[in-house]
Amino acid sequence: MITDPPYKILIVDDNDDILSTFCEFFDPVEYSIRTAGNGLDALKKIKKDKKEFDVLITDLIMPGIGGVGLISIVNNPSAKDRGACKVTCKPG
């Protein structure tokens, strides 16, 4: 039997407690989870991992590159080394 690989999720937040909470939430579902503590680290992981992430969950306000900046960079049509992602936002 061939099964699809788990969805790959990148979670970006500068708060370790929030990252841990997301990881605990998605762990039982057996998703492939990667985390980053800020937008710059997230961009490095996106560039390093040539396979696209299926989902990007990001904090909007972080030091350096925030969530809005991260989404803008990831969705830049000229960024050929990154796949575009669908974006949905809900205020906290």
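If you're wondering where the values come from, they're calculated on a predicted model, not measured in any experiment.

Caption draft 1: Structural context of the overall build of the protein chain. Scanning the protein chain for helices and strands turns up three helices and three strands. The order of helices and strands in the protein chain, counted from the N terminus, is β-α-β-α-β-α. For the protein chain, the proportion of contacts with a sequence separation of at least 24, taken over those separated by at least 6, is 59%.

Caption draft 2: Layout of the side chain of Asp13. Looking at where Asp13 falls in the secondary structure, it is placed in the loop between β1 (8–12) and α1 (16–26). Buried charge without a salt bridge: Asp13, with Lys45 as the nearest opposite-charge side chain at an N-O distance of 13 Å.

Caption draft 3: Region of the structure containing the packing of aromatic side chains. Counted under the stated rule, the structure contains four aromatic pairs. Arranged with centres 5.9 Å apart and planes meeting at 50°, the rings of Tyr7 and Tyr31 form a pair that is tilted. With Tyr7 in the segment before β1 and Tyr31 in the loop between α1 and β2 (32–36), this residue pair connects regions lying 24 residues apart in the sequence. Through a chain of ring-to-ring contacts, the aromatic side chains of Tyr7, Phe22, Phe25, Phe26 and Tyr31 assemble into a single cluster. Here the guanidinium or amino end of Lys8 rests over the ring plane of Phe53, the centre of that ring lying 5.1 Å away.

About the thresholds
- Residues numbered from 1 in each chain as written.
- Predicted model: local features only at pLDDT ≥ 70, side-chain atom pairs only at ≥ 80, totals over all residues.
- Heavy atoms only, no water.
- Helix = DSSP H or I, 4+ residues; strand = E, 2+ residues; numbered from the N terminus.
- Contact = heavy atoms within 4.5 Å.
- Buried < 20%, exposed > 50% of the residue type's maximum accessible area, 1.4 Å probe, protein only.
- Lys, Arg positive; Asp, Glu negative; His and termini not counted.
- Salt bridge = Lys/Arg side-chain N within 4 Å of Asp/Glu carboxyl O.
- Phe/Tyr/Trp six-rings, centres within 6.5 Å; stacked < 30°, edge-to-face > 60°.
- Lys NZ or Arg CZ within 6 Å of the ring centre and 35° of its normal.

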